[in-house]
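Given next are the chains, with one letter for each unit.
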Amino acid sequence: MKAFIIFIALLVAAVIGWYIFNYYQSSNSKPLVVNTKTTDTMVIVRDSIINAGTYDSIPSGFYQGMLPCKNCEGIQRTILFIDNDHYKMEELNWGKGTAAKAVEGTWEKEKEKGHFRLYENDKPVAEYRLSKDSLINTESYGTKIPDSLSHQYALFRKNTAPENASWKKRRSEGVEILGTGGDPYWSVEIDKDKYILFKAPTVQRPVIVPIEKPQPTKDSLVYSISTDGGNVLRVSIAPGFCTDGLSDHIYEYRMTVTYKGQTYKGCAVTLDKEVIGENKK
C-alpha cells in the first residue's frame with residue numbers, strides 16, 4: 001500500500017512538471033509585443049546611424065531630410081553634391097507656400113576625419129559629418145548643433161535620377177533629356193539632333209515633332225514647336241529639385257509641357273549637360 005501511494009505521488013508530480021514545462025515553452029515561443037510609437041522607432045534607427053563610425057570618403061549624389069522649424073511644419077533640406085567640390089542646396093518651408101530657397105557653393109574637408117564644411121561665396125553655411133549613407137549636421141550658419149539634437153538634423157542618401165539603368169541605356173540610343181510626371185502619367189523624350197516625343201493618356205496618339213533650336217529664358221530652356229495639325233507643343237526645362245511622386249528618385253530639373261490647352265508638370269533628367277548649356281566644371 002505504501003509503495004502504491006508513492007507511485008501515485010510520483011505520477012502526479014510528473015504530470016505537474018510536464019504541464020509547467022509546456023506552459024513556459026509556449027510562453028517563450030510567443031512573439032514579444034512592444035508598444036512603441038513610430039516616432040520612437042525612427043529615433044532608434046537614426047541614433048544607430050548617428051552613432052556609427054565616420055568614413056573618410058566623399059559625399060556624392062542627393063541627400064534629403066526634414067529639419068525642425070518654429071514657424072512652419074518643417075524645413076525640407078535637399079543637397080546635391082556635384083563632382084568633387086561643388087554642391088547645390090534647396091530648403092523648402094512646408095506649410096508656408098513659399099518657393100524653395102536655393103544655394104550653390106563649394107565644400108571642403110575639415111581636419112577631423114569624416115567632417116566637411118559647405119560654403120556660399122566663401123562664407124560658411126554648414127558643417128556635416130559623413131556617417132554611412134547619411135549626413136549628420138553638426139553646425140548650421142555658425143550655430144553648433146548639440147549631439148542630443150543630431151537626429152533632428154540628419155540627411156539621408158536618396159536615389160539620383162540619372163543613375164537609373166534604363167535611362168543610361170536611352171542615352172546610348174541618343175536621348176539626352178527625359179521628362180516624366182503623374183496624374184495622369186506622361187513622358188517626354190528629347191533627342192537634340194532629331195525629335196521630341198510626348199506621350200500622355202489624354203492624347204490619343206504619341207506626339208512627335210522634329211527638333212528645333214530651343215529658346216533660353218531667364219531661368220529655363222523652352223522648346224516651342226508646331227505639330228502637323230497646327231497645335232503647339234511647348235516644353236520648358238528649369239533647374240530645381242523635383243520628385244515625380246512615382247518613385248524615390250530625386251531630379252535636378254523640373255519640366256512643364258503645354259499641349260492643346262492642357263499643362264503637365266513634372267520632373268526632368270538630363271543625360272547630357274551640354275543640352276541645357278551646363279558644361280561640367
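Residue indices begin from 1 for each chain and proceed along its sequence in written order. A pLDDT threshold of at least 70 governs which residues receive local features in this predicted model, and a stricter bar of 80 or more applies before side-chain atom pairs are shown or counted, although totals over entire chains, interfaces and linings include all residues. Hydrogens are left out, water is left out, and the side-chain values use all remaining heavy atoms of the structure.

Draft legend 1. Structural view of the pattern of salt bridges. By definition, a salt bridge exists where a carboxyl oxygen of Asp or Glu is found within 4 Å of a side-chain nitrogen of Lys or Arg. Going through the model one piece at a time under the given rule, you end up with 7 salt bridges. With a closest N to O distance of 2.5 Å, E91 and R77 form a salt bridge. Here E91 is found in strand 3 (residues 86-94), whereas its partner R77 is found in strand 2 (residues 74-82), with 14 residues between them in sequence. Accessibility expressed as a relative area gives 13% for E91, which makes it buried. The partner of E90 in a salt bridge is R254, with the nearest N and O atoms 3.9 Å apart. Note that E90 is positioned in strand 3 and R254 in strand 17 (residues 249-259), a separation of 164 residues in sequence. Accessibility expressed as a relative area gives 37% for R254, which makes it partly exposed. Counted as one network, the salt bridges with shared partners bring together E110, R117, E127, E139 and K144. Each helix is a run of DSSP H or I of at least 4 residues and each strand a run of E of at least 2, with the numbering of both proceeding from the N terminus. The rule is simple: take the accessible area with a 1.4 Å probe, protein chains only, and divide by the maximum for that residue type; under 20% is buried, over 50% is exposed, in between is partly exposed.

Draft legend 2. Summary view of the state of the cysteines. When two cysteine sulfur atoms lie within 2.5 Å, the pair is treated as a disulfide. Summed over the entire model, instances satisfying the criterion amount to 2 disulfides. In this model, C69 is linked to C72 through a disulfide, with the two sulfur atoms separated by 2.1 Å. Judged by the torsion about the S-S bond (125°), the C69/C72 disulfide is right-handed. Given a relative accessible area of 24%, C69 falls into the partly exposed group. Across the disulfide, C242 is cross-linked to C267 (sulfur-sulfur distance 1.9 Å). Between C242 and C267 the sulfur-sulfur dihedral comes to about -70°; the bridge is accordingly left-handed. Separated by 25 residues along the polypeptide, C242 in strand 16 (residues 232-242) and C267 in strand 18 (residues 262-270) bring together distant segments of the chain. The same class applies to C242 and to C267, which are both buried.

Draft legend 3. Broad picture of the packing of aromatic side chains. For this analysis, a ring pair means two rings from Phe, Tyr or Trp (six-membered ring only for Trp) whose centres lie within 6.5 Å, classed as stacked if their planes differ by under 30 degrees, edge-to-face if by over 60, and tilted for the remaining angles. Taken as a whole and assessed by the stated rule, the structure comprises 9 aromatic pairs. Geometrically, the ring pair formed by F62 and F241 is edge-to-face, given 5.1 Å between the ring centres and 85° between the ring planes. One end of the pair, F62, is in strand 1 (residues 61-67); the other, F241, is in strand 16, and 179 residues separate them in sequence. For F62, a relative accessible area of 1% corresponds to the buried category. Its relative accessible area of 10% is what places F241 among the buried residues. Relative to W107, the ring of F81 has its centre 6.1 Å away and its plane inclined at 90°; by these criteria the two rings are edge-to-face. With a gap of 26 residues between them, F81 in strand 2 and W107 in strand 4 (residues 101-109) connect regions that are remote in the sequence.

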